[in-house]
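# Structural characterization, general
So you can see what is in the structure, the chains are spelled out below.
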Amino acid sequence: MSDEDRDEATPAATPPRAASPPTFDAPPPVPPPPGRPPTVGMPRDGRVAFTAALLNLGGLGLGYLYLRRWLRALPSLTATAALLWAALPATAEGVPGAWPALFAGLALLTAVDGWRLGRPPTLGGPRLAWVPASAGVLLLALPVAGAVSFADAQRRALESDLGERLAAADRLVAEAVVAADFADAEPGYRSALDEYLAVRAAHPDTDAAGEVPGRLDSLYERATAEGSGGDWCAALDPLWFFRALPGELDEAEARRLAGRAGEDLPEPLHGCGLGLAEEAGARSAAEPLAELLAEYPDSEYAGALPGELGELQAAATDAVGGAEPCQALTRLRSLNGLFGRLPGPEFSTLAEEGAATVPEGLYRCGTDHFTAGRFGEADGVLGELVEDHPDHRRAERAGDILIAARIAAHLPEAGAELPPEPGTAGGGSVTLELRNDSPYALEFLFTGPLTGSRTLDGCDGCEVYPDDPGDAACSADLDYPTVTVELPAGDYYFLHSSPDEPTRELAESDQLDPDYVYTYCSYITEDDLGGPWLDDPGTDA
């Protein structure tokens, strides 16, 4: 305002007054800067502290930004970045346990710190608590959503890893299926089984674990597929493998597979055992059939077994009189041995019935060997009949054929036909006198119009000749063991032997005319001792 203005505004002079004492009033308050409301005496605001704590709990330090404490937000942001670096990309193993714990601890500390900083009245201007609090809730949902998303990513990564493990186990099964036999395939099946069960045990709540039962069923079906083709014996090993699993693995799935194998075993046990019995494999058939009867006695297969084996025995008995008696005898004896290894009175009865047929089978088989020129085989079979069944109605006849077979082994013409039945020879009578000029017992076998044998004791005082004695044999003044045989005339074959001594045998033939007396002197030279003799099997006589 100018001086002129002051002059014009000056009031008119007034008469002077007496002076009064001066007074002192307080100066007017200085107004606050614009936009800064006064803070002195502002009450504490709990909503601000709550909002700051809530925003910091999200882990991003937003509460500090809300409170305008910029530098304090850096540790939270750094911790969040470190957690993301450790967590991404998501794997089946997840984040190492220390990282989430550290992050959660830091978030709680910053929340407490935000609450502490928000309590004092340090902020200017009014705040609408509901706006940042709502934002805080929304921002807190971000790490929660991130955690859920990460958990889902981790779950998918885990499922992927478990799926690869299951696929690798599937490949082991596929390789085992094409193995030559179950012994070669078993390691592959076992490894696959262990892997399936390990996935289920370690992660029971995963989708992969839910696939394990189906894969185990597939493994079971592929491993036991041999049985579906009728190869019952090949099906037993894998079924036995699965049935034994509970003793090796403490798993519900192992027990389930073992139970399934137990339900499936009766049929292949029956099929394998019966098939082996039909092939005369009684020793091998005994194991599956005995297991069937012992473990599954109430099964339909066990119930049918006595009748089925009885039919096999009847067929073998009938075949004894057929074109292949030796094969029938082998089958019959095999079945008899099988019956002796099976429990139950039915099989004991079958064994007794089969044993009664064996002597007839021995006779038929030995005769078949003889007529086929297999004289050594005939000797063995007929010898068993004569020695083990001397009272059988065929034993005497078998003895004649046995003698002819032993002679025919040296002189095949002696086995051109079966020796005649006793009492059928005609013609005149011949006397044959046999002497033994050796220190060893002598067995004299003959076959022709009549077949038989005689045995002479060793000669006391006789010795082994150094070489052929010629006419000197049986000429000493000794009491030579002697035997006389009356025979029908005809062509004969003879065999001189000392069965209990290592001497060479002599086989010879002769035509015996009626009304003659023939004398044979049997002796042994040094060349006849010690064997073997390959070129000329015989002794001197």
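The rules behind the values
Residues numbered from 1 in each chain as written. Predicted model: local features only at pLDDT ≥ 70, side-chain atom pairs only at ≥ 80, totals over all residues. Heavy atoms only, no water. Helix = DSSP H or I, 4+ residues; strand = E, 2+ residues; numbered from the N terminus. Buried < 20%, exposed > 50% of the residue type's maximum accessible area, 1.4 Å probe, protein only. Contact = heavy atoms within 4.5 Å. Areas by Shrake-Rupley, 256 points an atom, 1.4 Å probe, with all protein chains shown as cover. Disulfide = S-S within 2.5 Å. Pairing = 2+ DSSP bridges. Axes fitted to C-alpha atoms, helices over the stretch in contact; angles between N-to-C directions. Polar contact = N/O pair within 3.5 Å; in protein donor to acceptor, adjacent residues only side chain to side chain. Salt bridge = Lys/Arg side-chain N within 4 Å of Asp/Glu carboxyl O.

Helix and strand content of the chain: 17 helices and seven strands. Buried positions account for 39% of the 541 residues belonging to the chain. The contacts in the chain between residues at least 6 apart in sequence include a share of 65% that link residues at least 24 apart. Summing over all exposed atoms, the chain offers an accessible surface of approximately 29,800 Å²; the carbon and sulfur share of this is 55%.

Further remarks concern the state of the cysteines. Going through the model one piece at a time under the given rule, you end up with four disulfides. Between the sulfur atoms of Cys326 and its disulfide partner Cys365 the distance amounts to 2.1 Å. Because the sign of the S-S torsion sets the handedness, a value of about 100° for the bond joining Cys326 and Cys365 places this disulfide among the right-handed ones. Taken as a pair, Cys326 in helix α14 (residues 325-339) and Cys365 in helix α15 (residues 345-371) lie far apart in primary sequence, 39 residues in all.

Here the focus is the sheet that holds strand β4 (residues 482-488). One open sheet accounts for three strands, arranged β4-β1-β7; its pairing is mixed. Looking at which strands have only one partner, the edges of the open sheet turn out to be β4 and β7 (517-523). The average undirected angle you get between the axes of adjacent strands in this sheet is 25°. As defined by bridge partners, strand β1 (residues 429-437) adjoins β7 across seven bridges and the pair is classed as parallel. Bridge pairing links Asn436 to Ser522 in β7.

All right, on to the side chain of Thr224 then. Among the secondary structure elements, Thr224 is positioned in the loop between α8 (207-223) and α9 (232-243). Of note is the side chain of Thr224, whose polar atom sits 2.7 Å from the backbone oxygen of Tyr220. Once residues within four sequence positions are removed from consideration, Thr224 is found in contact with Pro238, Leu239 and Phe242.

Quick look at the pairing of β1 now. Buried residues dominate β1, accounting for seven of its nine residues. Relative to β4, β1 runs antiparallel, the two being bridged by seven bridges. From the neighbouring strand, Ser429 faces β4, where its bridge partner is Pro488.

Enumeration over the complete set of coordinates arrives at 19 salt bridges. Between Arg165 and Glu195 there is a salt bridge whose closest N-O contact spans 2.7 Å. With a gap of 30 residues between them, Arg165 in helix α6 (residues 130-177) and Glu195 in helix α7 (residues 182-202) connect regions that are remote in the sequence.

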